[in-house]
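Geometric and topological summary
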Amino acid sequence: MTLLWIPLLSLLGSIISSMTGKLTRNQSTGLTMLMPIIALLMTISLAPAVFSGEVIRRTISWIPLLGIDIAFRLDGLALLFVFMILGIGILVIFYARYYLSSKDSMPKLYAYLMLFMTAMLGIVMSNNIIQLWFFWELTSISSFLLISYWWHKAEARKGAIMALAITGGGGLALLAGLLLLGNIVGSYNLDIILESKDIIQAHAWYEVTLILVLLGAFTKSAQFPFHFWLPHAMAAPTPVSAYLHSATMVKAGIFLLARFYPALAGTDLWFILVSLTGLTTLLFGAYVALFKHDLKGLLAYSTISHLGLITLLLGLDTQLAAVAAIFHIINHATFKASLFMATGIIDHETGTRDMRKLNGMWRFMPYTATLAMVAAAAMAGVPLLNGFLSKEMFFAETLHQQLLGSMSWLIPVLATVAGALAVAYSARFIHDVFFNGDPIDLPRQPSEPPRYMRVPIEILVALCLVVGIFPNFIVDDILKAASFAVIGGYVPEFKVALWHGFNLPLLMSAIAVTGGVLLYTQRRYLYQYHASLPNLDAKKAFDSSIYVVTKWCQRKICAIENGSLQRYLILMFVVVLFFAGWPLFEMSQLGGQKQLTPIDVHNAIGASLLMIGAISTVIWYRTRMISLLMISVVGLMVSVAFTRFSAPDLALTQLTVEVVTIVLLMLALFFLPQRSPKESSSIRVLRDLGISAGLGIVVSSICYALITRPLESISDFFLANAKTGGGGTNVVNVILVDFRGFDTLGEICVLGIAALGISKLLVNLPLIMPSHDSEGRPWAKERYPILLASISQSLLPLALMVSFYIFLRGHNLPGGGFIAGLVTAIAFILQYIAHGSNWIAERLTINYRKIIASGIIIALFTGVGSWFFGRPFMTTWFDYFDIPFIGEIELASALIFDVGVYFTVVGATLMILASLGQLTTNAPKEGVKI
Amino acid sequence: MTEWIISILLLVGGSFVLVGSIGLVKMPDFFMRLHGPTKATTLGMAALLTAAMIFFSTTQAGLSVKEILISLFLLLTAPISAYMMIKSAIHHKLESIERTSGKDNIEDDI
Amino acid sequence: MLETVILIVFAMIGLSLLLNIWRLLVGPSVPDRILALDTMYINSIALIILYGMSMGTALYYEAALLIAMLGFVSTVAVCKYLLRGDIIE
Amino acid sequence: MELLYASCVGILVSCGVFLILRSRTFPVVLGLTMLSYAVNLFLFSSGRLSLNKAAVLGTSPQYADPLPQALVLTAIVIGFAMTAFVVILAIRGRADLGSDHVDGLVLDKNSDKNNDKNKKGKV
Amino acid sequence: MIQHLTSFPVLLPMLAAVILLMPPCGKSIAIRRVASVVLSIITFLASLALLLKVQVDGTQVYAIGDWSAPFGIVLVADPLSTLLACLTALLGIVCVLYACAGDDDKGSFFHPLVHFLVLGVNGAFLTGDAFNLFVFFEVLLIASYSLLMHGGDKKNTRAALQYVIMNLVGSAVFLIALGILYGVLGTLNMADMAQKVALLQGDDVYLAKIGGLLLLVVFALKGALLPLHLWLPNTYATAMPIVAALFAIMTKVGVYSMMRVYTLIFGDEAGELSHMAQSWLWWLALATIAMGTIGVIASKDLRKLAANLVIVSVGTLVALVAVQTVEASSAAIYYLVHSTLVTAALFILADLIGRQRGNVADRITAGPPLTQPRLLGVCFLIAGIAVIGMPPLSGFIGKVWLLKATLNAEYTFVFWPLYLLASLAILIGVSKAGSTVFWHHQVQATENIGQERVHPAQLVALIILISGAPLMSFFAGPLSEYAIDAATQLHDFNHNIKVILSGGQ
Amino acid sequence: MRLDTRFKWLPAPILSILLFLVWLLLNNSVSAGHIVLAVILAIVIPLATSPFRTKQPLIIKPGLAIRHLLLVLYDIVTANVQVAILILGPTKKLTPGFIKVPLDLTHSMPITILASTVSLTPGTVSAEVLPWTETFIEGQDSEQRFLLIHVLDLKDEQALINTIKQRYEAPLMEIFQC
Ligand code: NA
Ligand code: NA
């Protein structure tokens, strides 16, 4: 249980500290530090068990079906990291108390820091690799927040995004790698994975997996060429840098290498990739560090270099190299954290970090200077300090490796060069800042910092010294435990000691120190040489590549989504053409076996009228009025076709809809230009013709193929049950109101919604109403021709009666609520045309919206009614009653449903037409040119 | 006998309808074209519908007289359609053939 | 005999329809075309009635009835449009 | 007859598609109407063609497939609602955008430039 | 009553819509708002109740009109469809609630139209009948057309016009597809169709294939799959954001229909036609992801960004659908819910942010500081993390799951790199957008014209959506069980056929 | 001339009779049920639509009306033959013309009936009611109204005007007593 509390406490700390906004700074700091201190104590309590070789585990089920659990383990490696994360974390929190200015929000920084701490703890303690990735990404997010802490500064925002982009990208690669790994092993459990080295390395995916995992590790630990985010992350407040770049964020990458060392290391690929990357980074970082004028910049590249060193060690094919790596992890954390903090003090006190301005600080802050110099000496690898010890081991291991075959000697040589560079930049750090004459143009008068601000540095520097002098006493246990976890099983005998006698590594150290001092003293020449090199600014490259990509995308999007409907439609038609056309070619024979119907003359004439109508619509499409007349022919002929092919209901519906559509189009024509301008190029017309011809051919082929084949369908059921089950003889109508009444319910909803939508569209419609027709004729003055008016009045009752007739017979003969509704609507439309909308408005005060709603309600409640008889929705009921004198009549619930349909249709149709008509009546007619 | 009557009515009706359409095509100006469809076609339809009425009354059980209704509708609406069309023709100032008399009876701008 | 007669009348109506569409196509004026379309509506009634007779069923009667009623409405709407532009004012 | 029927459907599809590909709203609306005729005829024919077999019980010994008829009926109604909406939308578009072009503007060759112009016009 | 529960997610929104049209709701906006929120909550609760019932009693088949399949229309409430119905109802609540802050008054009939849209979407999810699916598609489309124009300015008229025309053509294709399928199979019930497809012989196979592929076109259009996605960015970006948030579910209808059609009708048992669209779906999905990603990078405002994220999510979902394994489908189900909630939240956030930045609105450029940077910043951070797919929110589980599910698919070596690169691009795009909008302030940001604070109703709506991400992560265990259960049922051909055609016994 | 009936529930008796007959015609039935329904409809529909009717003179002499109707039908039939001949004959010989017939009728319904009659009978199509005024005021005869008629083959203008006035307008005036 304790295990779980370690990350949980720091998460709790994050929440607590975020709520300390009202408290004093000391209270806030104290509360924030409390949680990690408790966690540290807990860890200490667990340490003996781990030292004794035990691995403490704790698993809680989370997403068992995906193999993702909340699983923690504490082994030597994890313990080492937990100590570092908590220990340095506590110091950083304490340090930040004094670092932050009164303007900066302390709770925010603490909350982010603690969140980050949680993430780091999660990484190192994970026993499930997906969970590991979970925390891995959490570090990316929390570091994004930390780096952009001063978000008003552009470099903070940019640095944060860069860090997020690189580490996030690496994180994605890592995820892929981990998923592959999990798939190879068959589990995401780390215990199992670490024991499955042979399976993993024999698997075909090993190389891919390894590369992906390494990508994750290298980006996080800022290995060349992914290093460039790290210097820009220095835009963060210095405590953040001290934390992220000494013990945590970048070490997460190293941790990953160490963590999977037992499972992934041991192959040539590992050694080559890891060691060469490490070596390059080591040299590159050390070299660049020398030229940085910004203190934090120097430390940043030095960090890169040291991370390269550790990576190189993990890539060397000796087991002691891994031990050395772990040792250096500890040492680097201590001296680098203290150096960052010292830099922070200098920055804090002087207002600058530019080494060209900072000179002679020794005089102003001798105590801080001493601490910084000790830490820098540790960084340089000066004896009696911890850095010296691990560097010795490093030199020794470079000599033992056989990585490059006959060229293996190159590694120790380059390592020595890197050592010399390290000495040189360390020397520069000491000399340039604390000595070297007088300061230049400092923004502030420097002095010693507040007493307690130095405490964390003191502790760390003390550690450097103690470890450097008594290595066995301090780090032996933890180093052994961690090494055990990394190397797995057998840990070779090793002895960390200050003095190994005169040997080759010592010589290398000596050469490095001498060479480093020499380099520093002769730095003038080196600077000249460096200045002559082309200046590769990674940030600029990153920014410009993002810029280029963004612009490219914007251009592409503009080009593709160019807002041209015609293009979108053509794409769709082409897709349809392809999908519908291609299987046609696979068919062996288009026509089927069904007996064909003979053609008679009048059908041929009807068909030709239809075709002529369609084609003339196209030919005259620019003269809209004429094309409208032409399309009416098509509509008429379609209705005739429906009568011809035994579909009286369809014919009726088509006819009525046709009339309403024409009226609607006439209305539209009034507000739209009378003619379409000629704007398509002939090529475009040709292309459109091609596509439309293609689609026509394909659809008619499909149609032909279908109707020449026999069909067995479910319709026999409807024919058999229409009368007995649905109580009607017009099967089509029974289907509509009963078998598939649900469709009809949806359909009237569509109609109702359309009417609502249309009236919505007409609100505040700025109309353009022409005062004359397209040929310049002013409109006739007579609005309501009297003959039309009086005949329309006479037709209304007749039409209503016809509509009632059609409604009533619908269940048994062609007709029904829909057609009846349209007939009624058309009768009223005729009144609108003949008398105008004001005349109607005076006489008909019903709100069409309510008619629609009542229609749907009637239909809906007819359906619901069947619930009261324990039947499903829309179960119809019908019965025959013998009424004296009148005879037998049929009553059916479907009829009530049809009433609903009727009302909806009437309401919707009239709402659509009347609201448009009303609009023009109220709008003043103006002469607007078209 | 009824078959004869039906046949004759059908032929008469068909002829009138055809004549109406011929008039539509043959006449030289819009106003003259209007006469054929308005009258001949209407009468033709009446004949056809009467034929249908007799046909359905004899072939199917019971009297079928509802075809009268269509005739009724046509008689009601055909003159109004014609009226509206001639109005729009006048509005469009369509040319009538030269020998048309009484053109000055047409008032402008209605 | 009736069948033959119906066929002949079918031909007559068909011919009428062709004449109508010819007028519809050549115009020359819009009212001419409207007239042609109106005539076509009425001739379609004849066609449908004949279908009914040739098939011996009265099921298509309502279609004819509706054309008689509604063809008028669309003709009126179109004419009103020519006259006033705004058909519902 | 089947061939003739299929050809009619094909012609309607062709004409409809061609009109839909025009650049002004009115022809597009006509095209959509035409296409819906075609689609209705197509859907109708999925029950196969039959003469004089209206699906009214007791009127003939055999019946046409009533199901596609019911489907087409629904489709006609829905199509009508949709047409009505698009017609009004076209009017709205003309009023709002000052042009009855489906893209709301007359596109030049250079679409980028045009987009900018368009934006300026609206701000 | 409980035996009719299956019909509630469809009938209740319809009832709600008409109630809202009638007095007293028609008259007073206050009453309308209260009624609308209450009714949407009732719909949600009913959907939730149905979900629980399905969990307990298994798939519910409800024969409308007491006509059992394949003759009548049946509603099929299985774990997947009820889950989506719940999701829709939830979005409905959010939308209605959010609009109560004032958006609903910018045009008429907002509330009824939202309920009609929910009706259409739920109908499409629940129906077991192919033609009824068409009808509900039309219901949701016509409602969406109207909503799209709600409170609209000139900008969205054009988008609406194009959207409507595209979809009308789409509906025509849908009908042709249905005509072909009916003409070949003689039935409309999807389960029955599935049975009949397996028995097809000779050239009929190819006809059915055309029908199936045309359905793919339709669903691809609704779902915004490349190359039929082009309507989406503009449409969603110009619609009122709350409407766009509601629309987040509409693309999912397309995806859902693909799932149904290509696992049931053209699934494992479809003989020659089995998995016929699989490779199309796969490659189109990949192209969609790529295109959406390009769009994400190119986006100049937050709403476009969200719209393009919708496209990416559609691509991802369809890729999973194309894999056609239980594992992939279950990942798709989880991802579908997650992406719907998150993209909806992003649209809302874009709106709220835009309102607080005056003229700059939601454009991704330096602008005036927000009135409530902390509140909106935290929400954006959560939504951003979720949409990027980073831990600890639901996106990360979705990502892990879908990568895991596609591991053994064909052409994974194309999908993985593409998806991971897309993720990276989204990561950069979203973080840049957030950093610019929240942190990059104009130097002379003195005027604050458009600044208004978040209305409580808006906040509640936002919180409902935003809390989805952490909750879906926290309860990933039971949710994954549910998703796998739903996917298993989706793929259990014989069981589905038996259940649907026997009326749920 | 009378504009209102004696019974409020029967605002348009002729219309009601027409509707009664139409219902029976539509249903091809004289069953008791349909007769009841027809009566109900014949009463309800005119009442429901009465707001949509402007007041028109009632038919005072129904017998005359029927006789006139038959006369018109007869004219339609006989004269249509003439038109058919005119159409089929050589068009060159036709002498079309526009004529104005002065109207004595003052209400729109009788005018409509007259105009329709003219249109349906041979050789003539009603074109306009002149002169045009902003609003047609029923019953107002302060200004002389004309019916503009297009004649397919105009031989004697005055004779035609007289025929129309005597054969068609006069009976109408008598029927409506106006
Ligand atoms: Na210096
Ligand atoms: Na008007």
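Residues numbered from 1 in each chain as written. Chains lettered and ligands numbered in written order. Predicted model: local features only at pLDDT ≥ 70, side-chain atom pairs only at ≥ 80, totals over all residues. Heavy atoms only, no water.

Within an unreviewed UniProt entry, the label attached to chain E reads Monovalent cation/proton antiporter, MnhD/PhaD family subunit, and the organism entered is Colwellia psychrerythraea. Regarding chain E, the UniProt comment filed under Sequence similarities (unreviewed entry) reads as follows: "Belongs to the CPA3 antiporters (TC 2.A.63) subunit D family." (UniProt positions renumbered as here; feature names shortened; annotations may be inferred.)

Before going further, it helps to spend a moment on the UniProt feature "domain: NADH:quinone oxidoreductase/Mrp antiporter transmembrane" (unreviewed entry) in chain A. The sites that UniProt annotates as "domain: NADH:quinone oxidoreductase/Mrp antiporter transmembrane" (unreviewed entry) are residues 126-401 of chain A. End-to-end, the C-alpha atoms of residues 126-401 of chain A are 32 Å apart, and along that stretch the chain is 78% helix and 0% strand. (Helix = DSSP H or I, 4+ residues; strand = E, 2+ residues; numbered from the N terminus.)

A few words on the pattern of salt bridges. One pass over the structure, following the stated rule, counts 50 salt bridges over all chains. Among the salt bridges present, the one from K87 of chain B reaches E782 of chain A, with a minimum N-O distance of 2.2 Å. One end of the pair, K87 of chain B, is in helix α4 (residues 67-91); the other, E782 of chain A, is in the loop between α32 (741-761) and α33 (786-809), on a second chain. The salt bridge involving K66 of chain B is made with E62 of chain C; its shortest N-O contact spans 3.6 Å. In this pair, K66 of chain B sits in the loop between α3 (35-59) and α4 while E62 of chain C sits in helix α3 (residues 61-84), so the two residues belong to two different chains. K66 of chain B sits in the buried class, given a relative accessible area of 7%. The exposure class of E62 of chain C is buried, given its relative accessible area of 0%. (Salt bridge = Lys/Arg side-chain N within 4 Å of Asp/Glu carboxyl O. Buried < 20%, exposed > 50% of the residue type's maximum accessible area, 1.4 Å probe, protein only.)

Time to look at the pairing of strand β1 (residues 60-63) of chain E. Residue and element names in this part refer to chain E. Alternating residues of β1 divide into Q60 and Y62 and V61 and A63, and every residue in both groups is buried. Where β1 lies against strand β2 (residues 74-77), 4 bridges are found, and the strand directions are antiparallel. From the neighbouring strand, Y62 faces β2, where its bridge partner is L75. (Pairing = 2+ DSSP bridges.)

Before going further, it helps to examine the packing of helix α3 (residues 66-97) of chain D against helix α5 (residues 130-148) of chain E. Running from N to C, α3 of chain D and α5 of chain E point in directions that differ by 10°, and their axes come no closer than 11 Å. Taken together, α3 of chain D and α5 of chain E sit at an angle that is classed as roughly parallel. Facing L71, T74, I78, M82 and F85 of chain D of α3 of chain D, the residues of α5 of chain E in contact are F131, F134, V135, E138, I142, Y145 and S146 of chain E. Its residues placed into classes, the contact of α3 of chain D with α5 of chain E shows 9 nonpolar, 2 polar and 1 charged. (Axes fitted to C-alpha atoms, helices over the stretch in contact; angles between N-to-C directions. Parallel < 35°, antiparallel > 145°, perpendicular 65-115°, else oblique. Contact = heavy atoms within 4.5 Å. Nonpolar A, V, L, I, M, F, W, Y, C, P; charged D, E, K, R; others polar.)

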